[in-house]
Amino acid sequence: MSAPTGRRERKKQLTRQAISDVATRLFLERGFDAVTVAEIAAAADVAVQTVFNHFPAKEDLFFDDRLWVVGPAEAVAGAPGEPVDEVLRSHYRTTLAALRAKDYLPTYARFQHTVAASPALRARRAELVTEMQNLLAGALAGGQPGWRHRLVAARFTAVRQVLDAELLRRLDEHPDAPDAVLDGLAAVLDEAFAGLDPD
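This one's a predicted model, so the numbers in the text were calculated from it and none came from an experiment.

Engineer: Would you take a moment to explain the pattern of salt bridges for this structure?
Structural biologist: A side chain of one charge can pair with a side chain of the opposite charge if their charged atoms are brought near each other. Within this structure, the stated rule accounts for 14 salt bridges. Put simply, Arg66 and Glu131 hold a salt bridge, and the shortest N to O gap is 2.5 Å. Of this pair, Arg66 sits in the loop between helix H4 (58-62) and helix H5 (67-77) while Glu131 is found in helix H8 (residues 119-141), placing the two residues 65 residues apart along the sequence. For Arg66, a relative accessible area of 35% translates into the label partly exposed.

Engineer: Could you clarify how one ought to interpret helix H10 (residues 178-186) in this entry?
Structural biologist: Think of an α-helix as turning once every 3.6 residues; residues three or four places apart then point the same way. Of the residues making up H10, those classed as buried are Val181, Leu182 and Leu185. On an axial view of H10, the arc spanned by its buried residues comes to 95°, and they lie on one face. Where H10 is buried, its residues contact helix H6 (84-101), helix H7 (105-116), helix H9 (147-173) and helix H11 (189-193).

Engineer: Looking at this structure, I do not really get unusual backbone geometry. What am I missing?
Structural biologist: A negative phi angle is the norm for most residues apart from glycine, just as the trans form is the norm for most peptide bonds. Unusually for a residue other than glycine, Asp45 sits at a positive phi of about 60°. Structurally, Asp45 is set in the loop between helix H2 (37-44) and helix H3 (48-54).

Engineer: Help me out: how do you make sense of the environment of Phe193 in this one?
Structural biologist: Examined against the element boundaries, Phe193 turns out to sit in helix H11. Ignoring any residue separated from it by four or fewer positions in sequence, one finds Phe193 in contact with Asp85, Leu88, Arg89, Tyr92, Phe156, Val159 and Leu163.

Engineer: Hey, could you run me through the side chain of Arg89 in this one?
Structural biologist: With respect to the helices and strands, Arg89 occurs in helix H6. Take Arg89: its relative accessible area is 17%, and that puts it in the buried class. For Arg89, the side chain forms a polar contact with the side chain of Asp190, separated by 3.0 Å. Setting aside its immediate chain neighbours within four residues, Arg89 contacts Leu189, Asp190 and Phe193.

About the thresholds
- Residues numbered from 1 in each chain as written.
- Predicted model: local features only at pLDDT ≥ 70, side-chain atom pairs only at ≥ 80, totals over all residues.
- Heavy atoms only, no water.
- Salt bridge = Lys/Arg side-chain N within 4 Å of Asp/Glu carboxyl O.
- Helix = DSSP H or I, 4+ residues; strand = E, 2+ residues; numbered from the N terminus.
- Buried < 20%, exposed > 50% of the residue type's maximum accessible area, 1.4 Å probe, protein only.
- Arc of directions from axis to C-beta.
- Contact = heavy atoms within 4.5 Å.
- Polar contact = N/O pair within 3.5 Å; in protein donor to acceptor, adjacent residues only side chain to side chain.

Don't take any of this as a statement about function, it's just geometry.
As structure tokens, then:
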């Protein structure tokens, strides 16, 4: 009896991904604020309500991938007893490697510029950054975080935001040399993540 449920779930996931792909293309082409949910539904050949069934808000269509929100906390929770700075540095290095492997850097730059151009997306990103920070603090504490855990999480958030901004700056300056940009950023990670430890 599990097969029908499996097929339904796969169909739902395919529909969700198709909507997300269409939305991302339109947002990057025209800007987030210029695209309506109705236009996304029409382009994806689904009803508007179907879009909202999968994505409660328009901003959720843009920030579809939550890995960057939950990833740091999951990395820490999955490496108990390991030095926090090493775990978070390794996690960020893995993030950069994924961008390289997927040839995603040009899209990454367009994505970040689209966020910068939209007040709604900037506000939503701020909410997600706060969520990431709170999840990381909880993972560092293994439960209810104390002030040291919250401080380390805040420091990591600041480091990541600075590194992400530096990545974008270098990509804008050297759009034809993404590998060199990544290699240059990777070279500063040891210094950037040094000393992140709640103890």
